[in-house]
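Coordinate inspection notes
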Amino acid sequence: MRQIAFREALREALSEEMRRDNRVFILGEEVAEYNGAYKVTQGMLAEFGPKRVLDTPIAELGFTAIAVGAAQKGLRPVVEFMTWNFAVLALDQILNTASKMLAMSGGQISCPIVFRGPNGSAGQLGAQHSTAFEALYANIPGLKVVSPSNGYDAKGLLKQAIRYEEDPVCFMESELMYGEKSEVPEEEYYIPLGKADIKKAGRDVTIVSFNKMMKVALGAAAELEKEGISAEVIDLRTIRPLDWMTILESVKKTNRLVIVEEQWPFASISSEISYRIQKEGFDYLDAPIRRITAADAPLHYAPNLVAGALPDVARTVNLVKEVMYLKK
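Per chain, residue numbering runs from 1 following the sequence as it is written. Local features are withheld for residues below a pLDDT of 70 in this predicted model, meaning they are given only at 70 or higher, and side-chain atom pairs are given and counted only at 80 or more; totals for whole chains, interfaces and linings count all residues. Side-chain figures throughout are based on the complete set of non-hydrogen atoms in the structure, without hydrogens or water.

Thoughts on empty space enclosed by the protein
A 1.4 Å probe that fits into a set of points on a 1 Å grid over the protein atoms alone but cannot get out defines a cavity; an open set with protein on both sides within 12 Å along at least five of seven lines defines a pocket, and lining residues are those with an atom within 4 Å of a point. Grid points are joined across faces, edges and corners, and a volume is the space filled by probe spheres set on the points. Counting across every chain of the model gives 1 cavity of 30 Å³ or more. Its boundaries defined by the atoms lining it, the largest cavity holds a volume of some 30 Å³. As for the largest cavity, its lining consists of N119, A132, E134, F210, N211, K212, M213, E262 and Q263. Here the nonpolar group is Ala, Val, Leu, Ile, Met, Phe, Trp, Tyr, Cys and Pro; Asp, Glu, Lys and Arg are the charged ones; every other residue, Gly included, is treated as polar. Class assignment of the residues belonging to the lining of the largest cavity gives a composition of 3 nonpolar, 3 polar and 3 charged. The source of the domain bounds is an automatic or database domain assignment. In this structure, the lining of the largest cavity is formed jointly by two domains, domain 1 (2-184) and domain 2 (197-324), each of which donates at least three residues.

Structure, rendered in structure tokens:
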């Protein structure tokens, strides 16, 4: 094991798969000459050349269409969006072509493609650059949605998506994580999509989260531990397919569930989880399922409003105490 940055883990995944399979190529804005807007693709142009690391114009719909067509003809493209906020310009290709082609062709034409880039808030970037999109894309049949919280998971999941998935995969990272380091093995490994990971075992309450909100979940668990409350913390890792069975098995043990996410509250990931767990695990619940989400509003620029709009450790701790009936 060695400590490497999140961006390096992604770069290793991309490079290893490109060395293994010459059908894999990457395209997007500034991925080549500039070494990537977030330096994920640093050095890859020199190794793989301009035919496999392609700079594109600022035209998301256009270069996404090129990649989708290439995938349908047997290549395995990786599309880097400078941010998922810009990917809405390419939604026609993602929704109306990539996600639907297998069904519309009667199973004859698959679309093995990975769409990746930073997602969600990243500080003072304003409302148009701060949306978390997991729930939106997870609501589209035919797409798989991955949202990792650390470099180890990111590398294994990205390699899995590029090498083995025949469906289009939306791979959602966090701009705030690119410099963060985690332990990643030197040997090759893959992480199957659709399997959540229990990051911390516990007995009193289950806390579920994903992506950078895992910091909030784990931070809350650490604070609760000081007060003798043992929280089990689950990282979803993959949003679709959703591993709700791991959550259910945890709730059977803890009898309480709190969900922490960066989505807007309406029709969110926590909405789907809450439905599944109350339907299949109602008799195991000793308290109502509770959640903490982003505010139901565009994210503002001012730092105090950003802080107030997003989940934090203190409010998560209070929510756990509510489901344990420890707050008056």
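Comments concerning the pairing of strand 4 (residues 76-80)
Under the scheme applied here, a residue whose accessible area is under 20% of the maximum for its type counts as buried, over 50% as exposed, and between as partly exposed, the area being computed with a 1.4 Å probe on protein chains only. Each helix is a run of H or I in the DSSP string that is no shorter than four residues. Each strand is a run of E no shorter than two, and both are numbered from the N terminus. Summarising burial for strand 4: 5 of the 5 residues are buried, a large majority. Neither face of strand 4 is left uncovered, since the one carrying R76, V78 and E80 and the one carrying P77 and V79 both have all their residues buried. Strand pairing is defined by DSSP finding a minimum of two bridges between the two strands. Relative to strand 4, strand 2 (residues 24-28) runs parallel, the two being bridged by 5 bridges. Within strand 4, the position partnered with G28 by the bridge is E80. Bridge analysis of strand 4 against strand 5 (residues 114-118) gives 3 bridges, and the strand direction is parallel. In the sheet register, E80 faces strand 5, and the bridge partner there is R116.

Quick notes on the UniProt feature "domain: Transketolase-like pyrimidine-binding" (unreviewed entry) in the protein chain
UniProt positions are given in the numbering used here, feature names are shortened, and annotations may be inferred rather than shown by experiment. As annotated in UniProt, the feature "domain: Transketolase-like pyrimidine-binding" (unreviewed entry) corresponds to residues 4-180 in the numbering used here. As annotated, residues 4-180 comprises 38% helix and 16% strand, and the C-alpha atoms at either end are separated by 8 Å.

Some details on helix 10 (residues 244-254)
What sets the pattern is the α-helix's 3.6 residues per turn: residues three or four places apart point alike. Within the span of helix 10, buried status applies to W244, T246, I247, L248, S250, V251 and T254. The inward-facing, buried residues of helix 10 abut strand 9 (197-200), strand 10 (205-209), strand 11 (231-235), strand 13 (257-260) and helix 11 (269-281). Within two residues after helix 10, N255 carries a phi angle of roughly 70°, on the positive side. It only takes one pair of heavy atoms within 4.5 Å for two residues to be counted as in contact.

Observations regarding the domain arrangement of the protein chain
According to the domain assignment, the protein chain contains domain 1 (2-184) and domain 2 (197-324). Distance between the C-alpha centres of domain 1 and domain 2: 27 Å. Put simply, buried area is how much 1.4 Å-probe accessible surface two parts lose in total, over both of them, once they are put together. Note on domain 1 versus domain 2: buried area summed over both sides is about 2,100 Å², and carbon and sulfur give 52% of it. Here, a salt bridge means any Lys or Arg side-chain nitrogen found within 4 Å of an Asp or Glu carboxyl oxygen. On the surface where domain 1 and domain 2 come into contact, there are 3 salt bridges.

Focus on the packing of aromatic side chains
Pairing of aromatic side chains here covers Phe, Tyr and the six-membered ring of Trp, requires ring centres within 6.5 Å, and sorts the geometry by plane angle: under 30 degrees stacked, over 60 edge-to-face, intermediate tilted. Considering all chains together, one arrives at 9 aromatic pairs under this definition. With a centroid separation of 6.1 Å and 65° between ring planes, the pair formed by F6 and Y178 is classed as edge-to-face. Here the residue F6 occupies a position in helix 1 (residues 6-20), and Y178 occupies one in the loop between strand 7 (169-173) and strand 8 (181-184), the gap between them amounting to 172 residues. A centroid spacing of 6.1 Å and a plane angle of 15° characterise the contact between F81 and F115, whose relative ring orientation is stacked.

So, the nonpolar core
Core analysis: the biggest nonpolar cluster contains 44 residues, and W84, F115, Y137 and I273 have the highest contact counts within it. When residues are assigned to domains, this core turns out to be shared by domain 1 (2-184) and domain 2 (197-324), each giving three or more. Grouped together as the second largest cluster of nonpolar side chains are 33 residues, I4, L14, M18 and I191 included. Among the buried residues, those of types Ala, Val, Leu, Ile, Met, Phe, Trp, Tyr and Cys that are joined through side-chain atoms within 4.5 Å form a nonpolar core.

Concerning the layout of surface pockets
Computed from the structure, the largest pocket encloses a volume of approximately 470 Å³. Lining the largest pocket are 21 residues, and of these A135, A138, N139, A267 and I269 lie nearest its centre. Mapped onto the lining of the largest pocket, the elements with two or more residues apiece are helix 7 (134-138), strand 12 (238-240) and helix 11. For the lining of the largest pocket, the leading source of residues is helix 11, giving 4 residues. Tallied by class, residues from the lining of the largest pocket come to 13 nonpolar, 5 polar and 3 charged. Residue-level mapping places the lining of the largest pocket at the junction of two domains, with at least three residues from each of domain 1 (2-184) and domain 2 (197-324). As a volume, the second largest pocket reaches approximately 160 Å³. What lines the second largest pocket is S121, G123, L176, M177, E180, K212, M213, K215, V216, V306, L310 and P311. Counting residues per element, the lining of the second largest pocket draws most heavily on helix 9 (residues 213-226), which supplies 3 residues.

Side note on the sheet that holds strand 9
Taken in spatial order, the 5 strands of this open sheet run 9-11-10-13-14, and their pairing is mixed. The open sheet has two edge strands with one neighbour each: strand 9 and strand 14 (290-292). On average, each strand axis in the sheet is tilted by 25° relative to the strand beside it, whichever way the strands run. Note that strand 9 and strand 11 share 3 bridges and pair antiparallel. Bridged to I198 within strand 11 is I234. Packing against the sheet, helix 10 makes contact with strand 9, strand 10, strand 11 and strand 13, and its axis sits at approximately 175° to strand 11. Only the stretch in contact is used when a helix axis is fitted, and all axes are lines through C-alpha atoms; the angle between N-to-C directions ranges over 0 to 180 degrees. Sitting on the sheet, helix 11 touches strand 10, strand 13 and strand 14, and the angle it makes with strand 13 is about 160°.

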